[in-house]
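# Understanding the architecture of this molecule
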Amino acid sequence: MAAPLPVTNDPDPTFAELIAGRPHIRMDARDGLMVEGVPLARIAAVVGTPAWVYSAGSLRRRTRALTGALGAAGLDASVHFAMKANDNLAVLALLHREGLGVDVVSEGELRLARAAGIPASRIVFSGVGKTERELRLALAEDIFQINAESAEEIGMISALATALGRTARVALRVNPDVDARTHAKITTGRAENKFGVAIDDALVLYARMAASPGIEAVGIATHIGSQITAGMAAYRTAYARLAEMVHAIRAVGLPILRVDCGGGLGITYRDEPAPMPEALAGAIKVTLGGLGLPVMLEPGRWIAGPAGLLLASVVIEKQGARRFVIADAAMNDLLRPSMYDAWHGILPISPIAHHAPLSPADVVGPVCETGDTFARGRALPALPAGELIAFLDAGAYGATMSSTYNARPLAPEVLVDGTRFAVVRDRQSYAALAHGQRIPDWIGA
Ligand SMILES: *Cc1c(COP(=O)(O)O)cnc(C)c1O
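Residues numbered from 1 in each chain as written. Predicted model: local features only at pLDDT ≥ 70, side-chain atom pairs only at ≥ 80, totals over all residues. Heavy atoms only, no water.

## Regarding the sheet that holds strand β1 (residues 25-28)
- Ordered by their spatial adjacency, three strands build an open sheet running β1-β2-β3, and the pairing between neighbours is antiparallel. Each end of this open sheet is capped by a strand with a single partner; those strands are β1 and β3 (38-39).
- In this sheet, strand β2 (residues 32-35) lies alongside β1 in antiparallel orientation, the contact comprising four bridges. Each bridged residue has a counterpart across the sheet, and for R26 the counterpart in β2 is M34. (Pairing = 2+ DSSP bridges. Helix = DSSP H or I, 4+ residues; strand = E, 2+ residues; numbered from the N terminus.)

## Considering the site of the ligand
- In the vicinity of the ligand, 15 residues are found, and the nearest of them are K84, S226, E298, R301 and Y397.
- With respect to the ligand, the side chain of E298 contributes an N or O atom lying 2.5 Å from a nitrogen atom.
- Measuring from an oxygen atom of the ligand, one finds a side-chain N or O atom of Y397 at 2.5 Å.
- Considered on its own, the ligand offers 390 Å² of accessible surface; in the complex 94% of this is hidden by protein.
- A class-by-class count of the residues in the shell around the ligand yields three nonpolar, seven polar and five charged. (Near = heavy atom within 4 Å. Polar contact = N/O pair within 3.5 Å; in protein donor to acceptor, adjacent residues only side chain to side chain. Areas by Shrake-Rupley, 256 points an atom, 1.4 Å probe, with all protein chains shown as cover. Nonpolar A, V, L, I, M, F, W, Y, C, P; charged D, E, K, R; others polar.)

## Here we look at the packing of helix α3 (residues 56-72) against helix α10 (residues 277-288)
- The interhelical angle for the contact between α3 and α10, taken along N-to-C directions, is 35°, at an axis separation of 8 Å. The two elements α3 and α10 cross, and the hand of that crossing is right-handed. Side by side, α3 and α10 meet where A65, L66, A69 and L70 of the first sit next to P277, E278, A281 and I284 of the second.
- Of the residues contributing to the contact of α3 with α10, the split by class is seven nonpolar, no polar and one charged. (Axes fitted to C-alpha atoms, helices over the stretch in contact; angles between N-to-C directions. Left-handed = near helix turned anticlockwise from the far one by under 90°. Contact = heavy atoms within 4.5 Å.)

## Notes on the nonpolar core
- Judged by nonpolar contacts, the single largest core of 135 residues is most densely connected at F81, I220, I284 and F391.
- Among the elements that line this core, the one with the most residues is helix α9 (residues 233-251), at nine residues.
- Structurally, this core is a two-domain feature, drawing no fewer than three residues from each of domain 1 (15-55 + 307-434) and domain 2 (73-301).
- Setting aside its immediate chain neighbours within four residues, I284 contacts L70, L75, Y239, C261, G289, V295 and L297. (Core = buried A, V, L, I, M, F, W, Y, C linked by side-chain atoms within 4.5 Å. Buried < 20%, exposed > 50% of the residue type's maximum accessible area, 1.4 Å probe, protein only. Domains from an automatic or database assignment.)

## Thoughts on the pairing of strand β21 (residues 420-425)
- Where strand β20 (residues 413-417) lies against β21, five bridges are found, and the strand directions are antiparallel. Looking at β21, one finds that D417 is bridged to R420.
- In this antiparallel pair of consecutive strands, β20 and β21, the connection spans two residues, and G418 shows a positive phi of 70°.

## Here's the deal with the environment of M232
- On the secondary structure map, M232 appears in the loop between β11 (215-221) and α9.
- Look at M232 and you get buried, because its relative accessible area is 9%.
- Along the primary structure M232 and G395 are separated by 163 residues, whereas in three dimensions their C-alpha atoms are 24 Å apart.
- Those residues in contact with M232 that lie beyond four places of it in its chain are L265, P275, A279, L280 and A283.

## Examining the confidence of the model for the protein chain
- The pLDDT averaged across the protein chain works out to 95; a share of 98% of its residues lies at or above 70.
- Low pLDDT (under 50) marks residues 1-7, which in the prediction has six contacts with non-local residues, meaning those over four places away or in another chain. (pLDDT = per-residue confidence, 0-100.)

## Let's talk about the packing of aromatic side chains
- Applying the stated rule across the entire model yields two aromatic pairs.
- Between Y235 and Y239 the ring centres are 5.6 Å apart and the planes differ by 35°, which places this aromatic pair in the tilted class. Of this pair, Y235 and Y239 both sit in helix α9, four residues apart, which is roughly one turn of the helix.
- Taking the centre distance of 4.3 Å and the plane angle of 40° together, the rings of F374 and F391 count as tilted. Remark: F391 occurs in strand β19 (residues 388-391) and F374 occurs in strand β18 (residues 373-380); sequence separation between them is 17 residues. In this pair, the class of F374 matches that of F391, namely buried. (Phe/Tyr/Trp six-rings, centres within 6.5 Å; stacked < 30°, edge-to-face > 60°.)

## A few points about the pattern of salt bridges
- Tallying each qualifying case throughout the model produces 23 salt bridges.
- Across the pair R64 and E98 runs a salt bridge whose closest N-O atoms are separated by 2.7 Å. One end of the pair, R64, is in helix α3; the other, E98, is in the loop between α4 (89-97) and β6 (101-104), with 34 residues separating them in the sequence.
- A salt bridge links R420 to D417, with the shortest nitrogen-to-oxygen separation between them at 3.2 Å.
- According to the relative accessible area criterion, R420 is exposed, its value standing at 58%.
- Counted as one network, the salt bridges with shared partners bring together D12, R270, D271 and R378. (Salt bridge = Lys/Arg side-chain N within 4 Å of Asp/Glu carboxyl O.)

## Some details on the domain arrangement of the protein chain
- The domain boundaries assigned to the protein chain delineate domain 1 (15-55 + 307-434) and domain 2 (73-301).
- Look at where the C-alpha atoms of domain 1 and domain 2 centre, and you get two points 33 Å apart.
- Facing 18 residues of domain 1, the contacting portion of domain 2 comprises 18 residues.
- By the criterion of area lost to domain 2, the three top residues of domain 1 are Y340, W343 and Y397, representing 37% of everything that side buries.
- At the junction of domain 1 and domain 2, the tally comes to zero salt bridges.
- Here domain 1 and domain 2 share nine residue pairs in polar contact (both at pLDDT 80 or more) between them.
- Take the side of domain 1 that touches domain 2: its biggest share by element is three residues, from helix α12 (residues 336-340).
- In terms of residue class, the side of domain 1 that touches domain 2 is built from eight nonpolar, five polar and five charged. (Buried area = accessible area lost by both parts, 1.4 Å probe.)

In C-alpha coordinates form, the structure reads like this:
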(Lines give C-alpha, C1' and ligand atoms only; values in the text may rest on other atoms or scores of the structure.)
Protein backbone atom coordinates (compact mmCIF):
# COMPACT_ATOMS: atom_id res chain seq x y z
CA MET A 1 0.00 0.00 0.00
CA ALA A 2 1.34 3.42 -0.89
CA ALA A 3 1.82 5.74 2.04
CA PRO A 4 -0.44 8.80 1.90
CA LEU A 5 1.17 12.05 0.92
CA PRO A 6 1.18 14.69 3.65
CA VAL A 7 -2.13 16.52 3.94
CA THR A 8 -1.65 20.26 3.81
CA ASN A 9 -5.18 21.64 4.04
CA ASP A 10 -5.56 20.83 7.75
CA PRO A 11 -5.47 23.80 10.10
CA ASP A 12 -2.03 24.62 11.44
CA PRO A 13 -1.17 23.26 14.87
CA THR A 14 -1.89 25.69 17.71
CA PHE A 15 0.83 27.28 19.83
CA ALA A 16 -0.08 24.91 22.65
CA GLU A 17 0.19 21.91 20.33
CA LEU A 18 3.55 23.05 19.01
CA ILE A 19 4.87 23.41 22.57
CA ALA A 20 3.37 20.11 23.73
CA GLY A 21 5.17 18.22 20.96
CA ARG A 22 8.58 19.62 21.95
CA PRO A 23 9.61 18.58 25.45
CA HIS A 24 12.57 21.00 25.70
CA ILE A 25 10.29 24.03 25.16
CA ARG A 26 7.78 25.42 27.63
CA MET A 27 5.79 28.57 28.25
CA ASP A 28 6.33 30.27 31.58
CA ALA A 29 3.53 32.64 32.67
CA ARG A 30 6.07 35.29 33.68
CA ASP A 31 9.28 34.64 31.67
CA GLY A 32 7.62 33.61 28.42
CA LEU A 33 8.91 30.90 26.11
CA MET A 34 11.80 28.96 27.61
CA VAL A 35 14.27 26.43 26.22
CA GLU A 36 14.87 24.06 29.12
CA GLY A 37 15.40 26.40 32.09
CA VAL A 38 16.43 29.50 30.16
CA PRO A 39 14.00 32.22 29.00
CA LEU A 40 14.55 33.04 25.34
CA ALA A 41 14.07 36.72 26.21
CA ARG A 42 17.22 36.48 28.34
CA ILE A 43 19.23 34.98 25.50
CA ALA A 44 17.99 37.74 23.18
CA ALA A 45 19.02 40.37 25.74
CA VAL A 46 22.54 38.91 25.95
CA VAL A 47 23.36 37.93 22.35
CA GLY A 48 20.78 39.86 20.33
CA THR A 49 18.79 38.50 17.42
CA PRO A 50 18.74 36.64 15.14
CA ALA A 51 20.35 33.77 17.06
CA TRP A 52 20.30 29.99 16.89
CA VAL A 53 19.43 28.28 20.16
CA TYR A 54 20.10 24.57 20.73
CA SER A 55 18.92 22.40 23.60
CA ALA A 56 21.61 20.09 24.97
CA GLY A 57 18.93 18.08 26.76
CA SER A 58 17.04 17.50 23.54
CA LEU A 59 20.21 16.47 21.68
CA ARG A 60 21.04 13.97 24.42
CA ARG A 61 17.48 12.66 24.71
CA ARG A 62 17.15 12.14 20.98
CA THR A 63 20.54 10.44 20.69
CA ARG A 64 19.65 8.08 23.52
CA ALA A 65 16.20 7.37 22.03
CA LEU A 66 17.81 6.37 18.74
CA THR A 67 20.65 4.30 20.15
CA GLY A 68 18.22 2.79 22.67
CA ALA A 69 15.85 1.71 19.89
CA LEU A 70 18.70 0.12 17.94
CA GLY A 71 19.93 -1.69 21.03
CA ALA A 72 16.43 -2.86 21.98
CA ALA A 73 16.08 -4.39 18.50
CA GLY A 74 19.21 -6.41 19.24
CA LEU A 75 21.24 -4.68 16.54
CA ASP A 76 25.00 -4.20 16.74
CA ALA A 77 24.77 -0.62 15.52
CA SER A 78 26.97 2.45 15.48
CA VAL A 79 25.70 5.94 14.75
CA HIS A 80 27.58 8.59 12.77
CA PHE A 81 25.92 12.00 12.94
CA ALA A 82 25.63 13.61 9.50
CA MET A 83 27.31 16.86 10.42
CA LYS A 84 26.09 18.76 7.39
CA ALA A 85 22.90 19.06 9.46
CA ASN A 86 24.72 20.92 12.25
CA ASP A 87 28.47 21.45 12.37
CA ASN A 88 28.78 23.53 15.53
CA LEU A 89 31.80 22.28 17.48
CA ALA A 90 29.97 22.25 20.82
CA VAL A 91 27.09 20.27 19.33
CA LEU A 92 29.53 17.79 17.78
CA ALA A 93 31.47 17.45 21.04
CA LEU A 94 28.23 16.84 22.95
CA LEU A 95 27.07 14.20 20.48
CA HIS A 96 30.48 12.56 20.56
CA ARG A 97 30.23 12.35 24.35
CA GLU A 98 26.94 10.56 23.78
CA GLY A 99 28.82 7.96 21.76
CA LEU A 100 28.26 9.20 18.20
CA GLY A 101 30.82 9.45 15.45
CA VAL A 102 30.31 11.71 12.44
CA ASP A 103 29.60 11.39 8.74
CA VAL A 104 31.45 14.11 6.83
CA VAL A 105 31.05 15.24 3.22
CA SER A 106 33.98 17.64 2.78
CA GLU A 107 37.48 18.51 3.94
CA GLY A 108 35.97 21.38 5.93
CA GLU A 109 33.69 19.03 7.82
CA LEU A 110 36.54 16.59 8.40
CA ARG A 111 38.67 19.38 9.87
CA LEU A 112 35.79 20.68 12.01
CA ALA A 113 35.11 17.18 13.31
CA ARG A 114 38.74 16.80 14.34
CA ALA A 115 38.62 20.29 15.92
CA ALA A 116 35.60 19.13 17.95
CA GLY A 117 37.75 16.33 19.35
CA ILE A 118 36.25 13.49 17.32
CA PRO A 119 38.91 10.87 16.63
CA ALA A 120 39.55 9.77 13.05
CA SER A 121 38.41 6.29 14.05
CA ARG A 122 34.84 7.66 14.42
CA ILE A 123 34.70 9.49 11.07
CA VAL A 124 33.04 8.30 7.85
CA PHE A 125 33.50 10.26 4.62
CA SER A 126 30.54 10.30 2.19
CA GLY A 127 29.85 12.35 -0.90
CA VAL A 128 29.70 12.08 -4.64
CA GLY A 129 32.58 14.43 -5.47
CA LYS A 130 35.45 13.97 -3.03
CA THR A 131 38.53 15.66 -4.43
CA GLU A 132 42.00 14.12 -4.48
CA ARG A 133 43.04 16.60 -1.85
CA GLU A 134 40.13 15.59 0.40
CA LEU A 135 40.84 11.89 -0.07
CA ARG A 136 44.52 12.44 0.69
CA LEU A 137 43.59 14.09 3.98
CA ALA A 138 41.17 11.28 4.82
CA LEU A 139 43.91 8.73 4.13
CA ALA A 140 46.54 10.66 6.08
CA GLU A 141 44.13 10.87 9.03
CA ASP A 142 43.31 7.17 8.61
CA ILE A 143 39.57 7.73 9.12
CA PHE A 144 37.27 4.80 9.87
CA GLN A 145 35.62 4.50 6.46
CA ILE A 146 35.31 6.12 3.06
CA ASN A 147 32.06 5.55 1.18
CA ALA A 148 32.91 5.33 -2.52
CA GLU A 149 30.27 6.44 -4.97
CA SER A 150 31.60 5.38 -8.39
CA ALA A 151 33.99 3.11 -10.25
CA GLU A 152 36.07 6.19 -11.02
CA GLU A 153 36.32 7.09 -7.36
CA ILE A 154 37.41 3.56 -6.44
CA GLY A 155 40.25 3.96 -8.93
CA MET A 156 41.14 7.33 -7.43
CA ILE A 157 41.17 6.02 -3.84
CA SER A 158 43.24 2.99 -4.83
CA ALA A 159 45.85 5.11 -6.60
CA LEU A 160 46.09 7.65 -3.79
CA ALA A 161 46.23 5.05 -1.02
CA THR A 162 48.92 3.10 -2.85
CA ALA A 163 50.99 6.22 -3.41
CA LEU A 164 50.67 7.14 0.26
CA GLY A 165 51.37 3.61 1.48
CA ARG A 166 47.98 3.44 3.17
CA THR A 167 45.07 1.06 3.17
CA ALA A 168 41.69 2.72 2.79
CA ARG A 169 38.69 1.06 4.38
CA VAL A 170 36.05 1.58 1.71
CA ALA A 171 32.34 0.86 1.56
CA LEU A 172 30.54 0.98 -1.77
CA ARG A 173 27.53 3.28 -1.84
CA VAL A 174 24.75 1.56 -3.68
CA ASN A 175 21.81 3.36 -5.24
CA PRO A 176 18.93 0.96 -4.58
CA ASP A 177 16.51 2.77 -6.94
CA VAL A 178 13.74 3.33 -4.41
CA ASP A 179 11.54 6.38 -4.08
CA ALA A 180 11.65 7.70 -0.52
CA ARG A 181 8.67 9.97 -1.35
CA THR A 182 10.28 13.05 0.04
CA HIS A 183 10.98 16.47 -1.51
CA ALA A 184 12.57 16.15 -4.98
CA LYS A 185 15.58 18.20 -3.88
CA ILE A 186 16.43 15.78 -1.07
CA THR A 187 15.61 12.39 -2.55
CA THR A 188 18.84 10.53 -3.27
CA GLY A 189 18.07 6.84 -3.80
CA ARG A 190 16.48 6.82 -7.23
CA ALA A 191 18.31 5.59 -10.32
CA GLU A 192 18.22 9.08 -11.84
CA ASN A 193 19.90 10.68 -8.79
CA LYS A 194 23.65 11.32 -8.84
CA PHE A 195 24.40 9.25 -5.75
CA GLY A 196 26.00 5.82 -5.46
CA VAL A 197 26.41 3.07 -8.05
CA ALA A 198 23.50 1.31 -9.73
CA ILE A 199 22.48 -1.77 -7.81
CA ASP A 200 22.87 -3.90 -10.95
CA ASP A 201 26.54 -2.92 -11.26
CA ALA A 202 27.28 -3.09 -7.57
CA LEU A 203 28.54 -6.67 -7.27
CA VAL A 204 31.02 -6.32 -10.14
CA LEU A 205 32.28 -3.05 -8.67
CA TYR A 206 32.52 -4.50 -5.19
CA ALA A 207 34.67 -7.31 -6.55
CA ARG A 208 36.86 -4.83 -8.41
CA MET A 209 37.12 -2.73 -5.26
CA ALA A 210 38.12 -5.76 -3.16
CA ALA A 211 40.85 -6.56 -5.68
CA SER A 212 42.17 -2.99 -5.81
CA PRO A 213 45.55 -2.31 -4.19
CA GLY A 214 45.39 0.06 -1.25
CA ILE A 215 41.72 -0.73 -0.56
CA GLU A 216 40.12 -2.95 2.03
CA ALA A 217 36.51 -3.53 0.96
CA VAL A 218 34.60 -3.30 4.22
CA GLY A 219 30.97 -3.11 3.20
CA ILE A 220 28.12 -1.49 1.38
CA ALA A 221 26.25 1.72 2.11
CA THR A 222 23.12 3.51 1.04
CA HIS A 223 21.27 6.73 1.79
CA ILE A 224 17.90 7.10 0.10
CA GLY A 225 16.91 10.65 0.99
CA SER A 226 16.12 13.09 3.75
CA GLN A 227 13.03 14.05 5.76
CA ILE A 228 11.49 10.64 5.09
CA THR A 229 8.07 10.56 6.75
CA ALA A 230 6.09 8.36 4.37
CA GLY A 231 6.58 5.23 6.48
CA MET A 232 9.18 2.51 6.40
CA ALA A 233 8.36 0.96 3.02
CA ALA A 234 11.17 2.69 1.12
CA TYR A 235 13.69 1.85 3.84
CA ARG A 236 12.59 -1.78 3.90
CA THR A 237 12.85 -2.08 0.13
CA ALA A 238 16.28 -0.46 0.07
CA TYR A 239 17.63 -2.54 2.95
CA ALA A 240 16.20 -5.75 1.48
CA ARG A 241 18.18 -4.97 -1.70
CA LEU A 242 21.31 -4.44 0.40
CA ALA A 243 20.70 -7.77 2.15
CA GLU A 244 20.46 -9.52 -1.22
CA MET A 245 23.70 -7.88 -2.16
CA VAL A 246 25.40 -9.09 1.03
CA HIS A 247 24.37 -12.63 0.11
CA ALA A 248 25.70 -12.16 -3.41
CA ILE A 249 29.01 -10.79 -2.10
CA ARG A 250 29.39 -13.76 0.22
CA ALA A 251 28.37 -16.20 -2.50
CA VAL A 252 31.37 -15.17 -4.58
CA GLY A 253 33.63 -15.45 -1.57
CA LEU A 254 34.34 -11.78 -0.99
CA PRO A 255 34.66 -10.25 2.47
CA ILE A 256 32.06 -7.91 3.95
CA LEU A 257 32.27 -6.49 7.47
CA ARG A 258 29.36 -4.06 7.82
CA VAL A 259 26.36 -2.35 6.23
CA ASP A 260 25.86 1.42 6.36
CA CYS A 261 22.14 2.21 6.37
CA GLY A 262 22.43 5.96 5.83
CA GLY A 263 20.18 8.60 7.39
CA GLY A 264 17.02 10.33 6.32
CA LEU A 265 14.63 9.72 9.19
CA GLY A 266 12.06 12.52 9.11
CA ILE A 267 10.74 14.72 11.88
CA THR A 268 7.45 16.49 12.53
CA TYR A 269 7.71 20.10 11.41
CA ARG A 270 3.96 20.69 11.16
CA ASP A 271 1.76 17.66 11.64
CA GLU A 272 3.46 15.03 9.49
CA PRO A 273 3.36 11.71 11.30
CA ALA A 274 7.11 11.19 11.67
CA PRO A 275 8.34 7.62 12.10
CA MET A 276 9.83 6.65 15.46
CA PRO A 277 13.38 5.29 15.67
CA GLU A 278 11.84 1.98 16.79
CA ALA A 279 10.25 1.69 13.33
CA LEU A 280 13.60 2.27 11.61
CA ALA A 281 15.30 -0.20 13.95
CA GLY A 282 12.56 -2.70 13.08
CA ALA A 283 13.01 -2.15 9.34
CA ILE A 284 16.75 -2.77 9.71
CA LYS A 285 16.20 -5.82 11.86
CA VAL A 286 13.78 -7.58 9.50
CA THR A 287 15.95 -6.95 6.44
CA LEU A 288 19.57 -6.93 7.63
CA GLY A 289 19.29 -8.35 11.15
CA GLY A 290 19.90 -11.96 10.15
CA LEU A 291 23.21 -11.34 8.38
CA GLY A 292 25.36 -11.29 11.50
CA LEU A 293 26.92 -7.96 10.49
CA PRO A 294 27.20 -4.70 12.40
CA VAL A 295 25.14 -1.88 10.94
CA MET A 296 25.85 1.83 10.80
CA LEU A 297 23.43 4.76 10.70
CA GLU A 298 24.02 8.36 9.59
CA PRO A 299 21.13 10.45 10.89
CA GLY A 300 21.39 14.22 10.83
CA ARG A 301 18.00 15.88 10.90
CA TRP A 302 16.39 13.44 13.33
CA ILE A 303 19.03 14.11 15.99
CA ALA A 304 19.45 17.86 15.65
CA GLY A 305 16.39 19.31 13.90
CA PRO A 306 13.90 19.48 16.77
CA ALA A 307 16.66 20.43 19.23
CA GLY A 308 17.20 23.90 17.77
CA LEU A 309 15.29 27.07 17.02
CA LEU A 310 15.99 30.39 15.40
CA LEU A 311 15.25 33.31 17.70
CA ALA A 312 14.34 36.55 15.93
CA SER A 313 12.84 39.97 16.58
CA VAL A 314 10.07 41.70 14.71
CA VAL A 315 11.51 44.70 12.86
CA ILE A 316 8.19 46.09 11.79
CA GLU A 317 4.64 44.97 11.23
CA LYS A 318 3.35 46.26 7.92
CA GLN A 319 -0.36 46.48 7.14
CA GLY A 320 -1.68 46.54 3.60
CA ALA A 321 -3.50 44.11 1.32
CA ARG A 322 -1.89 41.51 3.58
CA ARG A 323 -0.37 41.72 7.02
CA PHE A 324 3.40 41.34 6.89
CA VAL A 325 5.44 40.55 9.96
CA ILE A 326 8.98 41.49 8.99
CA ALA A 327 11.59 39.72 11.11
CA ASP A 328 15.29 40.44 11.55
CA ALA A 329 15.98 36.84 10.50
CA ALA A 330 15.86 36.06 6.79
CA MET A 331 16.36 33.41 4.13
CA ASN A 332 20.11 33.86 4.47
CA ASP A 333 19.75 32.51 8.03
CA LEU A 334 17.06 29.85 7.65
CA LEU A 335 16.93 28.83 4.00
CA ARG A 336 14.55 25.88 4.24
CA PRO A 337 11.25 27.73 3.65
CA SER A 338 12.45 29.38 0.45
CA MET A 339 14.50 26.39 -0.73
CA TYR A 340 12.07 23.55 0.01
CA ASP A 341 8.78 25.34 0.80
CA ALA A 342 9.36 24.00 4.30
CA TRP A 343 6.89 24.73 7.10
CA HIS A 344 8.38 25.81 10.42
CA GLY A 345 6.37 26.47 13.56
CA ILE A 346 6.54 30.11 14.62
CA LEU A 347 5.94 30.95 18.28
CA PRO A 348 5.82 34.33 19.97
CA ILE A 349 8.04 34.51 23.05
CA SER A 350 5.92 36.83 25.17
CA PRO A 351 3.36 35.09 27.43
CA ILE A 352 0.77 37.78 26.66
CA ALA A 353 1.01 37.08 22.93
CA HIS A 354 -0.06 33.49 23.58
CA HIS A 355 -3.48 34.69 24.73
CA ALA A 356 -4.03 37.49 22.22
CA PRO A 357 -6.45 37.24 19.26
CA LEU A 358 -4.96 35.74 16.09
CA SER A 359 -5.16 36.86 12.50
CA PRO A 360 -3.35 35.74 9.36
CA ALA A 361 0.07 37.18 8.66
CA ASP A 362 2.89 36.60 6.21
CA VAL A 363 6.16 36.26 8.08
CA VAL A 364 9.06 37.48 5.97
CA GLY A 365 12.66 38.62 6.28
CA PRO A 366 14.25 41.86 5.13
CA VAL A 367 16.17 40.35 2.18
CA CYS A 368 15.40 41.78 -1.26
CA GLU A 369 13.68 38.66 -2.62
CA THR A 370 10.03 37.66 -2.55
CA GLY A 371 11.34 34.17 -1.77
CA ASP A 372 12.43 35.55 1.60
CA THR A 373 9.18 34.30 3.11
CA PHE A 374 8.98 32.06 6.17
CA ALA A 375 5.21 31.61 6.25
CA ARG A 376 2.09 32.82 4.49
CA GLY A 377 -1.28 33.33 6.15
CA ARG A 378 -0.02 32.14 9.52
CA ALA A 379 -2.40 32.76 12.44
CA LEU A 380 -0.45 35.07 14.74
CA PRO A 381 -1.22 37.73 17.33
CA ALA A 382 -0.31 41.35 16.83
CA LEU A 383 3.50 41.42 16.77
CA PRO A 384 4.70 45.00 17.10
CA ALA A 385 8.31 45.97 16.52
CA GLY A 386 10.66 44.44 19.05
CA GLU A 387 8.51 41.36 19.81
CA LEU A 388 10.53 38.15 19.87
CA ILE A 389 9.55 35.10 17.85
CA ALA A 390 11.01 31.62 17.48
CA PHE A 391 11.21 29.52 14.32
CA LEU A 392 11.01 25.96 15.59
CA ASP A 393 12.86 22.82 14.51
CA ALA A 394 15.75 24.75 13.04
CA GLY A 395 18.56 22.72 14.63
CA ALA A 396 19.32 20.82 11.40
CA TYR A 397 20.03 22.42 8.01
CA GLY A 398 19.63 25.79 9.73
CA ALA A 399 22.91 27.47 10.59
CA THR A 400 24.82 25.15 8.24
CA MET A 401 22.85 26.39 5.23
CA SER A 402 23.20 30.06 6.17
CA SER A 403 24.90 32.56 3.92
CA THR A 404 25.81 36.22 4.20
CA TYR A 405 23.48 37.22 1.35
CA ASN A 406 22.64 40.92 1.54
CA ALA A 407 25.87 41.25 3.59
CA ARG A 408 24.11 39.96 6.66
CA PRO A 409 26.59 38.50 9.19
CA LEU A 410 26.10 34.89 10.25
CA ALA A 411 23.95 34.64 13.39
CA PRO A 412 25.46 33.42 16.66
CA GLU A 413 24.78 29.97 18.11
CA VAL A 414 23.80 29.37 21.73
CA LEU A 415 23.71 26.06 23.60
CA VAL A 416 21.30 25.72 26.53
CA ASP A 417 21.78 23.02 29.15
CA GLY A 418 19.33 23.14 32.04
CA THR A 419 19.49 26.61 33.54
CA ARG A 420 22.81 27.60 31.94
CA PHE A 421 23.65 28.65 28.43
CA ALA A 422 26.77 29.43 26.47
CA VAL A 423 27.43 31.29 23.25
CA VAL A 424 29.04 28.51 21.23
CA ARG A 425 29.62 30.65 18.17
CA ASP A 426 29.88 34.43 18.14
CA ARG A 427 27.87 36.57 15.81
CA GLN A 428 30.02 37.21 12.75
CA SER A 429 31.48 40.71 12.81
CA TYR A 430 30.96 43.28 10.08
CA ALA A 431 34.74 43.38 9.71
CA ALA A 432 34.62 39.67 8.86
CA LEU A 433 32.41 40.42 5.87
CA ALA A 434 35.25 42.34 4.24
CA HIS A 435 37.98 40.02 5.53
CA GLY A 436 40.23 38.63 2.81
CA GLN A 437 38.84 40.91 0.12
CA ARG A 438 41.12 43.31 -1.69
CA ILE A 439 40.78 45.95 -4.36
CA PRO A 440 43.62 45.61 -6.92
CA ASP A 441 45.77 48.68 -7.55
CA TRP A 442 44.81 48.72 -11.24
CA ILE A 443 41.23 49.62 -10.38
CA GLY A 444 42.59 53.01 -9.33
CA ALA A 445 41.95 55.19 -6.39
C1 LIG B 1 22.63 14.14 4.27
C2 LIG B 1 23.10 12.75 4.50
C3 LIG B 1 22.73 12.07 5.65
C4 LIG B 1 21.82 12.64 6.69
O5 LIG B 1 20.52 12.85 6.25
P6 LIG B 1 19.39 13.26 7.31
O7 LIG B 1 18.17 13.35 6.49
O8 LIG B 1 19.79 14.56 7.90
O9 LIG B 1 19.31 12.18 8.32
C10 LIG B 1 23.25 10.80 5.85
N11 LIG B 1 24.08 10.23 4.95
C12 LIG B 1 24.44 10.87 3.82
C13 LIG B 1 25.37 10.19 2.88
C14 LIG B 1 23.98 12.14 3.56
O15 LIG B 1 24.33 12.76 2.42
